[in-house]
Every structure is written in C-alpha cells, then in structure tokens.
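So you can see what is in the structure, the chains are spelled out below.
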There are 2 protein chains.
Amino acid sequence: MRALVLSDREVRVDEVPDPQPQAGEALVKVLMAGVCNTDLELVRGYMGFNGVLGHEFVGIVEQASNPHLVGKRVVGEINCVCNTCHYCRMEMPNHCLDRSVLGILKRNGAFADYLTLPEENLHLAPASARDDVAVFTEPTAAAFRIVEQVKLTDNDRVVVLGDGKLGQLCAQVIHLHTKNLVCVGKHPWKLQLLSNLGIKTALADEPVMRGADVVVEATGSHLGFERALELVRPEGTIVLKTTVTHPTALDLSIPVINEVTILGSRCGPFRPALEALSLGNVGVRPLVTDTFTLNDADQALQRAAEPDAMKVLIQM
Amino acid sequence: MRALVLSDREVRVDEVPDPQPQAGEALVKVLMAGVCNTDLELVRGYMGFNGVLGHEFVGIVEQASNPHLVGKRVVGEINCVCNTCHYCRMEMPNHCLDRSVLGILKRNGAFADYLTLPEENLHLAPASARDDVAVFTEPTAAAFRIVEQVKLTDNDRVVVLGDGKLGQLCAQVIHLHTKNLVCVGKHPWKLQLLSNLGIKTALADEPVMRGADVVVEATGSHLGFERALELVRPEGTIVLKTTVTHPTALDLSIPVINEVTILGSRCGPFRPALEALSLGNVGVRPLVTDTFTLNDADQALQRAAEPDAMKVLIQM
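This structure is a prediction, so every number in the text was calculated from the model and none was measured.

So, on to the relation of the copies chain B and chain A. When chain B is fitted to chain A, the residual RMSD is 0.0 Å, and the transformation amounts to a turn of 180° plus an axial shift of 0.0 Å. One copy is carried onto the other by what is essentially a two-fold rotation axis. Among all C-alpha atoms of chain B, that of B:Ala249 lies closest to the rotation axis, at 2.1 Å. Interface residue correspondence from chain B to chain A reaches 100%, placing this contact among same-surface, isologous pairings.

Once that is clear, we can look at the confidence of the model for chain A. When pLDDT is averaged along chain A, the result is 95, and 100% of the positions lie at 70 or above. Reported confidences for the modelled complex are a pTM of 0.93 and an ipTM of 0.92.

So, about the interface of chain B and chain A. Of the residues lining the interface, 41 residues belong to chain B; the matching set on chain A comes to 41 residues. Approximately 3,300 Å² of surface area, both sides summed, lies buried where chain B meets chain A, with 60% of it carried by carbon and sulfur atoms. Inspection of the region where chain B meets chain A yields four salt bridges. Close ionic contact of A:Glu259 with B:Arg145 constitutes a salt bridge, the shortest N to O distance being 2.8 Å. Counting across the interface, chain B meets chain A through 15 residue pairs in polar contact (both at pLDDT 80 or more). Breaking the side of chain B that touches chain A down by element, the ones donating at least two residues are helix H4 (137-149), strand E15 (232-240), strand E16 (248-250), helix H8 (253-257) and strand E17 (261-264) of chain B. Here the residues of the side of chain B that touches chain A sort into 20 nonpolar, 13 polar and eight charged. Relative to E16(B), strand E16 (residues 248-250) of chain A runs antiparallel, the two being bridged by three bridges. Across the sheet, residue A:Leu250 finds its bridge partner in E16(B), namely B:Thr248.

So, on to the sheet that holds E17(B). Spatial strand order, E13(A)-E12(A)-E11(A)-E14(A)-E15(A)-E17(A)-E17(B)-E15(B)-E14(B)-E11(B)-E12(B)-E13(B): 12 strands in an open sheet with mixed pairing. Each edge of the open sheet carries a strand with a single partner, namely strand E13 (200-203) of chain A together with strand E13 (200-203) of chain B. Pairwise comparison of adjacent strand axes, ignoring direction, gives a mean angle of 20° for this sheet. Where strand E17 (residues 261-264) of chain A and E17(B) come together, three bridges link them in antiparallel fashion.

A separate point is the sheet that holds strand E2 (residues 10-15) of chain B. Residue and element names in this part refer to chain B. If you trace the three strands from one edge of the open sheet to the other, you get E2-E1-E4, paired in antiparallel fashion. Since the sheet does not close on itself, it has two edges, and those belong to E2 and strand E4 (51-52), each with one partner. Sheet topology note: the strand E1 (residues 2-7)/E4 ladder contains two bridges and is antiparallel. By the bridge assignment, leucine 6 is partnered in E4 with glycine 51. On top of the sheet, helix H10 (residues 297-305) reaches E1 and E2; it is set at about 155° to E2, its chief contact.

Evaluated as defined, the whole model comprises 30 salt bridges over all chains. Through salt bridges with shared partners, one network takes in A:Arg145, A:Glu148, B:Glu235 and B:Glu259.

Another point: the domain arrangement of chain A. Residue and element names in this part refer to chain A. According to the domain assignment, chain A contains domain 1 (2-136 + 284-315) and domain 2 (142-264). Centre-to-centre, using C-alpha coordinates, domain 1 lies 27 Å away from domain 2. With 15 residues of domain 1 at the contact, the number on the domain 2 side is 12 residues. Counting each side, the surface lost to burial between domain 1 and domain 2 is near 1,100 Å², with a carbon and sulfur contribution of 62%. Taken as a group, Tyr46, Leu287 and Met310 account for 44% of the area that domain 1 buries against domain 2, more than any other trio of residues on that side. The interface formed by domain 1 and domain 2 contains zero salt bridges. Across the domain 1-domain 2 interface, the total number found is two residue pairs in polar contact (both at pLDDT 80 or more). In terms of residue count, helix H1 (residues 37-43) provides more of the side of domain 1 that touches domain 2 than any other element does, three residues in total.

The rules behind the values
Residues numbered from 1 in each chain as written. Chains lettered and ligands numbered in written order. Predicted model: local features only at pLDDT ≥ 70, side-chain atom pairs only at ≥ 80, totals over all residues. Heavy atoms only, no water. Least-squares fit on C-alpha atoms with pLDDT ≥ 70 in both. Contact = heavy atoms within 4.5 Å. pLDDT = per-residue confidence, 0-100. Buried area = accessible area lost by both parts, 1.4 Å probe. Salt bridge = Lys/Arg side-chain N within 4 Å of Asp/Glu carboxyl O. Polar contact = N/O pair within 3.5 Å; in protein donor to acceptor, adjacent residues only side chain to side chain. Helix = DSSP H or I, 4+ residues; strand = E, 2+ residues; numbered from the N terminus. Nonpolar A, V, L, I, M, F, W, Y, C, P; charged D, E, K, R; others polar. Pairing = 2+ DSSP bridges. Axes fitted to C-alpha atoms, helices over the stretch in contact; angles between N-to-C directions. Domains from an automatic or database assignment.

In structure tokens form, the structure reads like this:
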C-alpha cells in the first residue's frame, strides 16, 4: 500500500506492506485524513517517532472480528491501551503505560491506504457528517477535553490564545458553554471565521481584558504561556493544549504568587465531538485550507506548515 | 527604632522612625522574627522591594483601637488588603489588587523593634506556643495552604521535594493527612529530623518511586520543577511552593502529554497552623539553627544563606 513515511526527519510517500490486524484489531481503509501540528512537530523530531504519520482520519472497516463493524464508516481514538496496567485500571486509559498512539508512538498512522486500530477504539461516523467533517473528530475531541477538565459556567470569562485550527475548535467548543469568551490571534481572516459564529475576537497586539477565569493556550508556540500568565486571574486556570518541545524560559514565581492552576490537556472524548460535528454545533468546513491526494501527502505537510494554512486534508 | 533595612540589594541595621499605625492598624512590638528564603530572594532583587525586611514574627500589641488586643501576644497575616476590590469580594483577599505585604511589598516588615499591621490580620498566639514556636506560624500556614488546595486522602502518595525549612513544614503538615509520603532532600541530617517523626525520606540521588499523586516542589531551587515532572503520575498534581525569579527552561510538552495539574501555592490559613503548633502536631524547635539579636540581623541573613542552615531567628 501507499503511505507517508517519516524516517529520521525525512518524509516521503512510499510503498509499504499492508498492516496486519492483531487480535482485537480492525483493518480500516482510510478515506480521508487530516494534518495536525503534531505531525509537523513529529517531523521536527518530537517523540522520536519514525513510521507512517497521521492520526486524524475517517475510513471504512474492511476486517474486524465484530461483524457489525465490517463495512462501516468509522473514526478512531488514537491511544491503543493494555487495559491491565495501573492507569488503565484507574480509568485513565489515555495514560496507559504500555500504550501505542496512532501515527505518534509505536504505531503506524493514517496517512496510508490502510491502518489498524483496536476495534474498541472505533466509533461509527454519523451519516450526517461528510468525510471532510468526520475527519475533524479527533481534534474536536481534544477541544472537548477542556470542558471535561474544567467545569465552565456561563459566568466564566475565558480567553483562547491562538486562532489556528486547534484554537478555532477550542473556541467553538467553549462557546457552547460560555458566551463570555474572546479568542486572541494574529490573523484577521482566521478571527473573522469565529466572528461569523458570534465569537468575540481580538488581535494579538490589541489590549485584552485581564483577569480571565480560564485561559486556553493553543497558540502552537512556546511563547503563548507567558501571555497566558499575563491574562489569567489569581487562582484562575491556564489550560495548556500546545505541545512543543522547544524549551520555554519561565519565571515560575508568577504562578506561585498568583496561585494559578496550570492544566495539561491532551486527547478528549469522541462522543460529544461526534455529536457536535453531526449537529453542526461545531463548524469545521471553513477551516479546510486545501486537500491533497495521498500521492502528494508530502506536499500536504509542507502546505500545512505555511502560516496562512489551517486544516490540510489528505484524500486517499 | 532599630530595623534591618534593604536598600538597593544592600542590607544594614539602621535607626529609622517608629512606624505610625494608620486607621484600623495596630502597633506591634516585635519579640522575635524568622528569616525566610523569600527574604534572601528579596535581597537578590525579587519583587524590587526596598524597606524593612521580615514577615514571620511574634510580638506584643502596644496600640490598637480594639482594647482586647492591647497587651496581647500575637502573630500576623502578612497580606494587608483593601476589602473592596474584585478579588477581596470574591473572598480571595490574599490576591487583593491593592494589597501591601509585610516586608515584601509596599510595607515595612518585622526585622525591627516595631511593625504595624491591620488589626484584622492579627491572631492571638496561644500561651502553649513559646516565641520560638509561634514565630513559625506564617510558614506553617503556607504549608497548610497545600491541604486547603489539594484534598488529600490517606490513599494519596505524596512526594515532598526539599528538606529545607519549608519542605520540612510541608512534609509535617502533609503527614497529618497521609502517611504515604516521602520527603526527598540533599542533607542526611535534615532528613533525619523527619525520620525522627516517622516520615519516610530519601536522598536526592536515591531512586524514588515514580507515579506520585502529588509532588510538592519546595526545594527553593529553579531545578526542582523538572524533578517534580519526573515523579508525578499522569493527571497528578505538582504544588509549587518555591518562589525564585531565576527563569526555568521547561519542556511544556511533558505536562501536556501527562495532563499534569500544576498548582501555585503561597500564603495559607493561620488557624490550623496555630492549632498544630500549640498542640505540637507540627514540631519546629529542631528546625532552629541559630538566633541573632536585631543588632546583628544582617549576620542572621548571612547565616540563613549558608547551605547547612535551617531556620534562623532574630530576637529583638
């Protein structure tokens, strides 16, 4: 099959053997996949990953032990877990000590004709969500993780830092919980997409009211955290969504003095994400910048790295 | 009166005018004061403070509008607040926007013959707590802040990093809530003080079981945070007690991946601290390294900066 393979910080589309599903795993024919900033970080050496990239996808199950899955259009959770370790038993499977992660850690990913995933990771894609919508399930779930970790009320004042594809999803999901929200970004046209949905926005160099109850750091830059510290109120919460390995120089006395809570936030729940996407409560199609074929997947990654790009899709 | 005055990173004992209590303030004759690492940081430029140092004290009220206070032996909370701003109204007075802080911010401190504080900041010192015990109320309250912020159960596994005077108090307070605790330090004789109380200890270069539910960072060093990240479990909590302005280079992807909660922690409640000190549930007299007179207060600071020192007291 064809696959976009990362090897020592080089990516190329290559012919590789079809993946063989292990016990409990389904074989999925990928229909469409999305490029995430994490993919770009992986190419820069993040996690030391080598293999097939890609973890956002929608596909068709071709083989599965559960006959009800075969032929179904699915999306999939990316953490493949042991179900036996301490953290799995503590109902924290995303932190399984023995996990592999689709296209990120010890498991080939979705920029390929086929992938395998445990059947328990798969969710049926609602018919009302087209491929170019359903493919957003994984990053939308990551945005829903925020409201799983922080119980927002409609009195809470929230700032989302970052108007990129993750910041946009975070802002839309938070907007379902509080209207007292402003998204801060650098790109007028990206902020306009949020304004169109009735979400308040501000450019990064505009003054933003300080003293936010919650600041979501989704800039994708190691510089976002310092800004978050400026904007959050004492005893407020900063949610960190950005994963960059670039070391950040921090004066940790500021969060101590202000008794700030800083909360790392990663993968999230698929069910509310699927519901929001199928009902249109989270709108994603304006976020699509470009679509490439799998044969041109290396170009898709290049395109996704350009500053004016949002979501770049790969069609198999 | 005599006072230890910080001026442009220089400290000296000087004659200064007696402080004049403002409306609502008491005049307190200081009996004894304690040197905190924060005092040493202030001398290095932290907070840009100039004035009389010192914020841990026990003293006698000489003037107060409340006649029941006059002549009483007291300790005092260090944040002097407006009672009207947004954060005061939100019952977060320690984060008052218009606050002054005894010996730290816009208010002369306790290394002096006299200090003034709002009467509402004062607490009667129990007769059962001698001066060299009651003087520990403020840092003991800071340790109690941890258990106010993090609801510990006796199943929680806790690591305290740092065997200095703050680490010792944190370990003792946490030990009241869970026996599943280890304090990690660099000084066998300091750790021995905790062992004497039945608290488990480990030297910094000894292996410590990873996967702690809570790690308290009280090393006083900018290097402690990285160790805390190694030891805390996914979705666990790091409590930051250290205030150093030295920038810390951090790979923030680690707390994101592990969804760690990082909690800044500063001043705490005086009531449980006074109770614990008066009942002997927290033992502080073994922590006293040396006592200097106010005339030699500059030497007290020098002594407190030496690596083998714990609490240095100043007797007026």
